[in-house]
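Observations on chain architecture
Chain residues, written in single-letter form:
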Amino acid sequence: MTDPAPNPAIAVGAATDDRAARSTRTRKRFAAERRFRFYGLAAVLTAFGFLILLLSTVIGNAIPAFTYNYAQLPVELTNEKLTPENAAEFDFRKTVHAAQLSLFPDISDRAGRRLVRGIFSSGTPIVVRGEVAANTDWIGTRQIIPVPVSDDADLYLKGLVDTDLPESQRNISDAEIALVDQLVERGLIERQFNTIFFTNGASREPEMAGIMGALIGSLLTLSITLLLSAPIGVLAAIYLEEFAPKNRLTDFIEVNINNLAAVPSIVFGLLGLAVFLNFMEFPRSAPLVGGMVLALMTLPTVIIASRAALRAVPPSIREAALGIGASRIQTVFHHVLPLAMPGILTGTIIGMAGALGETAPLLMIGMVAFVVDLPAAVTDPATVLPVQIYMWADFPEIGFQQKTAAAIVILLLFLIAMNAIAVWLRSRFERRW
Amino acid sequence: MMVALALIALATIAYFTARSRSVALAGGDASTLHSRPVYHGFYAFFWVLLPALAIWLVASRIADWYISSSLSERFSAVIESLSGPQAGAFINDAMTLASGGRIGFPDDDKIAAGEFVAGLQSAAFWLVAALVIGVALAGFFYAYSRIEPRKRTRQAVERVVRYALIACSVVAVLTTIGIVFSLIFESVRFFGRVSVFDFLFGYHWSPQSAFEGAGASTADDNSRVFGAIPLFAGTLLITFIAMCVAAPIGLMAAIYLSDYASAGFRKIAKPVLEILAGVPTVVYGFFAALTVAPAIRGWGEVIGLTVSSESALAAGLVMGIMIIPFVSSLSDDVINAVPQSLRDGSAGLGATKSETIRKVVLPAALPGIVSALLLAVSRAIGETMIVVMAAGLAANLTINPLEAVTTVTVQIVTLLVGDQEFDSAKTLAAFALGLVLFIITLALNVVALRVVQKYKEQYD
């Protein structure tokens, strides 16, 4: 019976005014309560809205880049200088141009020929060379080879060119559109999965540019980062958590690690530039140096996560091991560390995900190289996925804008995968003591 | 590389032989050994690896030094005939030729020098390799002869492991020292050319017009083009805009999630906010440059304002979005740390939930929230990619958010990217800016962490 029951004895005469005033005040207070609650919800929903806007912008731009329009080009591989041996170095330009013109037999003037060439990618000879080098038995025959159209023609075919605009304001002329339409009518254009995007390195031509080089660069860089920061971070965490005496030096190391975690990433780039490149004279633009810089950057994350995981192992485990005669090092390496491993791995993966998305420090050590060849070793010049995104975002062509978005989608997929693994590890192996 | 592989192979062999040797000495019964056989194995392993590695490091240093000194001795006539930078280039080219690379302008002298170096290098390689392998073998025989059942190899091995642990935890300290020294070293060189006062308080920033070379006017000219005030102002403007977005949204989101939201909603909302924090900054930069900046420009045109296509507003807005989860998760921690008894007390006096939050919880959490905001500011000041992609390069001194401004981080990137010359005042200026950035963010962090710690103790 704790409900404050209204006492009828008090409610007489003048008190009614007071009650009315009180109820308006209460109403106001409740309105303020509702408003406040609404502001909170609005803040959360605004944040969600930003996320949705961000992702939809990226994905909307990326979707067109995953497919590409290829034209079926009938190529006469009958040049007598072309042999199976030199197919990989042969200059296919003349052959390809002849094949392109053969699609439009009624065009013979110079301007018309240039127009015809313009609707195909300027990388067509390279594509044809790759195909022929892979199938040398084609030599001497006539083959239909799918080749990419030019990026402007591709955008037009995807309906991304506003044909109502006056001709001077778009990149594809009416005459080119007519040629492309002719190919479409003859059924020679086919929209396929964009393999070039996933297999090529960098290029100045949007249709020939791919993310393979950047992916390999990211893989090499991240391997170096993992090889350095995981063992060093875990061992440092073990020392600080299990062995370090509580004194000024270890306090200093602790403060140091916490502050290092908050240093802007670009400062690590400056460190890499001054120490690794200028002082130690490591090669510029190399995944080796990039990996080292990122390792220093992720080290605090790994150490902090590993320490938390080690701390979560209950002292009874250590006491039991020590009690049956294990040394302290045996206790840690045989009993505590295996139990802390899931937490350590989760922290390491999250640190690696951060390193995978990092751009600024890599700009400092010259990983903005324009690398056409795929890197093969950690000392080769290379670039990484986020830097590739940064470079492509600077190119004015719409084709590159879509490539940028597509590369972002790939990067986000990798990050989501890494985080999903981390979450899975945590839920699968986490133990409550 | 070959030497490293040989060393690892030798050490592995040593591990297995020593392990089985210890068992054999114990007459097949490992329990009579003082240390388990594994430790005897590792004992030999370390004796092979560690001295050999140390010798390798020292010997290869000495070999490099010997090669370069005998190169400049042998070709002293050639080198003296060349001017300073050319002599350096000559030595570099000789080294490149020796390692099989190609150089720009080969001549007879360089080729001869290259062959000379190559000859020395291969001799040095074999010498060092023989020395290293020799030391490794000596280590192996020493360890092997020392193995006996009562030998306390576990203690020896554990001592090595413990030193390795200490070495690893010192890496973090070395990193800080490396940062501080490299920034200070390069900055001091910069301040030798441009005075500290001109740099910190100058109003004009246009490093591309910096005059390089000798002459009495160099210092005068340079002190006029390296005034960093416009950069600091631009950084502050963008940070201010970002905080105007992130502080209210982040704080209100934290309040809603901690005090109003149902458990189910919180379970979904928190990871979604974390996604916002996990998106790489280069993606935000793309978003800012591609979507937000043109949109703001378009709206500006509709209401008749001229908006720069690289406006501070666009960069600041997107940076604010990036910082929202940072603010919300930090304030969430702080708000949750306020004891429930304070809330219950307030509710018992008849306050509504919002009154409790505004009049009791927030004042109690205020120091923590302030330090969360300080950490967010430090994050915003150090953020690079968004501003590189969406803010401008021109150093305008303005507080109009619709104009283009530049920031400290943008200038560091533009001064250093694509520039291979590390001795110009331009590149050194980047390090001076980096030093300023480092000091400011460090100060913000130290203050913020102090406040949080003090505040935590209050309620523990």
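These numbers come from a predicted model, not from an experiment.

So, on to the overall build of chain A. Helices and strands together make up the secondary structure of chain A, namely 16 helices and three strands. Computed over its C-alpha atoms, the radius of gyration of chain A comes to 32 Å, more than 25% above the 22 Å expected for a compact globule of 433 residues. On the principal axes, the C-alpha backbone points of chain A span a range of 105 × 80 × 40 Å. Here chain A holds 433 residues, and the buried ones make up 49% of them. Here the contacts in chain A between residues at least 6 apart in sequence split such that 77% fall between residues at least 24 apart. Of the accessible surface of chain A, which amounts to about 21,200 Å², a share of 60% is contributed by carbon and sulfur atoms. Distance between charge centres in chain A, computed from 35 positive and 38 negative side chains, equals 13 Å.

Glancing now at the overall build of chain B. Counting its regular elements, chain B contains 17 helices and zero strands. In summary, chain B has a C-alpha radius of gyration of 32 Å against a globular reference of 23 Å for 460 residues, an excess of more than 25%. For chain B, the C-alpha atoms occupy an extent of roughly 85 × 75 × 35 Å along the three principal directions. Within the span of chain B, comprising 460 residues, buried residues form 46% of the whole. When the accessible surface of chain B is totalled, it reaches about 22,100 Å², and 66% of it is carbon and sulfur.

Residues and elements named next belong to chain A. On the surface, Arg110, Arg113, Arg114 and Arg117 cluster together into a patch of positive charge. In this structure, arginine 114 sits in helix H3 (residues 110-118). Its relative accessible area of 59% is what places arginine 114 among the exposed residues.

On to the interface of chain B and chain A, then. Contacts between the two partners involve 77 residues from chain B, matched on the other side by 73 residues from chain A. A buried area of about 6,600 Å², summed over both sides, lies between chain B and chain A, and 79% of it is on carbon and sulfur atoms. If you sort the residues of chain B by the area they bury against chain A, Leu165, Tyr256 and Phe286 of chain B come out on top, with a joint share of 10%. Seen at the junction of chain B and chain A, the total is one salt bridge. As a salt-bridge pair, glutamate 355 of chain B and arginine 29 of chain A come within 2.8 Å of each other at their nearest N and O atoms.

For the rest of this paragraph, the subject is unusual backbone geometry. Residues and elements named next belong to chain A. Of note in the backbone geometry, glutamate 281 takes a positive phi value of approximately 55 degrees without being a glycine. Turning to its location among the elements, glutamate 281 is positioned in the loop between helix H10 (265-279) and helix H11 (287-311). Judged by its relative accessible area of 65%, glutamate 281 falls in the exposed class. A positive phi angle, near 60 degrees, is found at serine 285, a position not held by glycine. By the element assignment, serine 285 lies in the loop between H10 and H11.

Accessible area lost upon the coming together of the parts is a frequently used measure of interface size. In terms of domain boundaries, chain A breaks down into domain 1 (15-63), domain 2 (67-199) and domain 3 (212-429). Of note, the centres of domain 1 of chain A and domain 2 of chain A, computed from C-alpha atoms alone, are 57 Å apart.

Turning to the nonpolar core, a few remarks are in order. Buried together is how nonpolar side chains tend to be arranged in soluble globular proteins. The biggest cluster of nonpolar side chains holds 222 residues, and the ones touching the most others in it are Ile179, Phe199, Trp205, Tyr284, Ile412 and Leu433 of chain B. Apart from the residues within four sequence positions on either side, leucine 433 of chain B is in contact with Phe199, Trp205, Ala228, Leu231, Val408, Gln411, Ile412 and Leu415 of chain B.

What follows is about the pattern of salt bridges. Residues and elements named next belong to chain A. Applying the stated rule across the entire model yields 13 salt bridges over all chains. Of the charged contacts, one joins glutamate 76 and arginine 142 as a salt bridge, the two residues approaching to 3.2 Å between their closest N and O atoms. With glutamate 76 in strand S1 (residues 67-76) and arginine 142 in strand S2 (residues 142-148), this residue pair connects regions lying 66 residues apart in the sequence. Salt bridges sharing partners connect three or more residues here, namely Glu241, Glu254, Arg307 and Arg311.

A word on the environment of glycine 382 of chain B. As for its placement among the helices and strands, glycine 382 of chain B is situated in helix H14 (residues 353-382). Taking relative accessible area as the criterion, glycine 382 of chain B reaches 7% and is therefore assigned buried. Measuring from C-alpha to C-alpha, the distance between glycine 382 of chain B and isoleucine 67 of chain B comes to 44 Å, with 315 residues separating the pair along the chain. With residues up to four places along the chain from it excluded, the contact list for glycine 382 of chain B reads Pro264 and Ile266 of chain A together with Thr409 and Leu437 of chain B.

The next thing to look at is the domain arrangement of chain B. Assigned domains of chain B: these are domain 1 (2-151) and domain 2 (225-459). Here the C-alpha centroids of domain 1 of chain B and domain 2 of chain B sit 50 Å apart.

Right, let's talk about H11 of chain A for a bit. Residues and elements named next belong to chain A. In a regular helix each residue adds 1.5 Å, so 25 residues correspond to 36 Å; H11 covers 34 Å between its end C-alpha atoms and thus fits that length. Residue threonine 298 marks the point of greatest curvature in H11, where the axis turns by about 40 degrees; the proline proline 300 follows within four residues. Where burial is concerned, most of H11 is hidden: 20 out of the 25 residues are buried.

Next up on the list: a nonpolar patch on the surface. Side chains of Leu57, Val58, Ile62, Trp65 and Tyr66 of chain B sit close together on the surface and give an oily, nonpolar patch of about 600 Å² of accessible area. When you line up the elements, tyrosine 66 of chain B lands in helix H2 (residues 37-74).

Right, let's talk about the packing of aromatic side chains for a bit. Residues and elements named next belong to chain A. One pass over the full model with this rule turns up 29 aromatic pairs over all chains. When the ring of tryptophan 424 is compared with that of phenylalanine 429, the centres are 6.2 Å apart and the planes differ by 85 degrees; the resulting orientation is edge-to-face. Stacked on the ring of phenylalanine 429, the Lys or Arg arginine 428 has its end atom at 4.9 Å from the ring centre.

Mapping glutamine 401 of chain A onto the fold places it in helix H16 (residues 398-429). For glutamine 401 of chain A, a relative accessible area of 24% gives the class partly exposed. Through-space distance from the C-alpha of glutamine 401 of chain A to that of alanine 178 of chain A is 26 Å; in sequence the pair is 223 residues apart. Those residues in contact with glutamine 401 of chain A that sit more than four places away from it in its chain are Asn61 of chain A together with Phe286 and Leu290 of chain B.

Residue and element names in this part refer to chain B. Direction vectors running N to C along helix H9 (residues 229-260) and helix H12 (residues 312-337) enclose 35 degrees, while the axes themselves pass 6 Å from each other. Here H9 runs over H12; the crossing is right-handed. Grouping the constituent residues of the contact of H9 with H12 by class yields 22 nonpolar, seven polar and two charged.

Residues and elements named next belong to chain A. With respect to topology, three strands assemble into an open sheet ordered S2-S1-S3, the strand pairing being antiparallel. Lying at the two open borders of the sheet, with one neighbouring strand each, are S2 and strand S3 (189-193). Within this sheet the neighbouring strands show an average axis-to-axis angle of 40 degrees, counted without direction.

Considering every residue of chain B, the mean pLDDT works out to 84; 92% of them sit at 70 or more. Within chain B, the element-level pLDDT minimum falls on helix H8 (residues 217-225) of chain B, averaging 60, and the maximum on H9 of chain B, averaging 93.

Residues and elements named next belong to chain A. Two elements in contact, helix H8 (residues 212-243) and H11, have axes separated by 6 Å at closest approach and are oriented at 35 degrees. You can see that H8 and H11 cross each other, and the crossing is right-handed. For the contact of H8 with H11, the class distribution of residues is 19 nonpolar, nine polar and four charged.

Attention now moves to the side chain of lysine 403 of chain A. Looking at the secondary structure, you find lysine 403 of chain A in helix H16. Lysine 403 of chain A has contacts with Ala65, Asn194, Phe197, Pro206, Glu207, Ala209 and Trp392 of chain A, leaving out every residue within four places of it along the chain.

This paragraph deals with the environment of leucine 257 of chain B. Within the secondary structure, leucine 257 of chain B is located in helix H9. Put simply, leucine 257 of chain B and lysine 267 of chain B are 10 residues apart on the chain and 9.5 Å apart in space, counted from C-alpha to C-alpha. Aside from chain neighbours lying at most four places away, what touches leucine 257 of chain B is Val44 of chain A together with Phe265, Arg266, Ala269, Lys270 and Leu273 of chain B.

What counts, and where the lines are drawn
Residues numbered from 1 in each chain as written. Chains lettered and ligands numbered in written order. Predicted model: local features only at pLDDT ≥ 70, side-chain atom pairs only at ≥ 80, totals over all residues. Heavy atoms only, no water. Helix = DSSP H or I, 4+ residues; strand = E, 2+ residues; numbered from the N terminus. Rg over C-alpha atoms; globule rule 2.2 N^0.38 Å. Buried < 20%, exposed > 50% of the residue type's maximum accessible area, 1.4 Å probe, protein only. Contact = heavy atoms within 4.5 Å. Areas by Shrake-Rupley, 256 points an atom, 1.4 Å probe, with all protein chains shown as cover. Lys, Arg positive; Asp, Glu negative; His and termini not counted. Charge placed at Lys NZ, Arg CZ, Asp CG, Glu CD. Patch = residues over 30% accessible without salt bridge, like charges linked within 9 Å, V, L, I, M, F, W, Y side chains within 5 Å. Salt bridge = Lys/Arg side-chain N within 4 Å of Asp/Glu carboxyl O. Buried area = accessible area lost by both parts, 1.4 Å probe. Domains from an automatic or database assignment. Core = buried A, V, L, I, M, F, W, Y, C linked by side-chain atoms within 4.5 Å. Expected span 1.5 Å × (residues − 1). Bend = angle between axes of the 7 residues up to and from the residue. Phe/Tyr/Trp six-rings, centres within 6.5 Å; stacked < 30°, edge-to-face > 60°. Lys NZ or Arg CZ within 6 Å of the ring centre and 35° of its normal. Axes fitted to C-alpha atoms, helices over the stretch in contact; angles between N-to-C directions. Left-handed = near helix turned anticlockwise from the far one by under 90°. Nonpolar A, V, L, I, M, F, W, Y, C, P; charged D, E, K, R; others polar. Pairing = 2+ DSSP bridges. pLDDT = per-residue confidence, 0-100.

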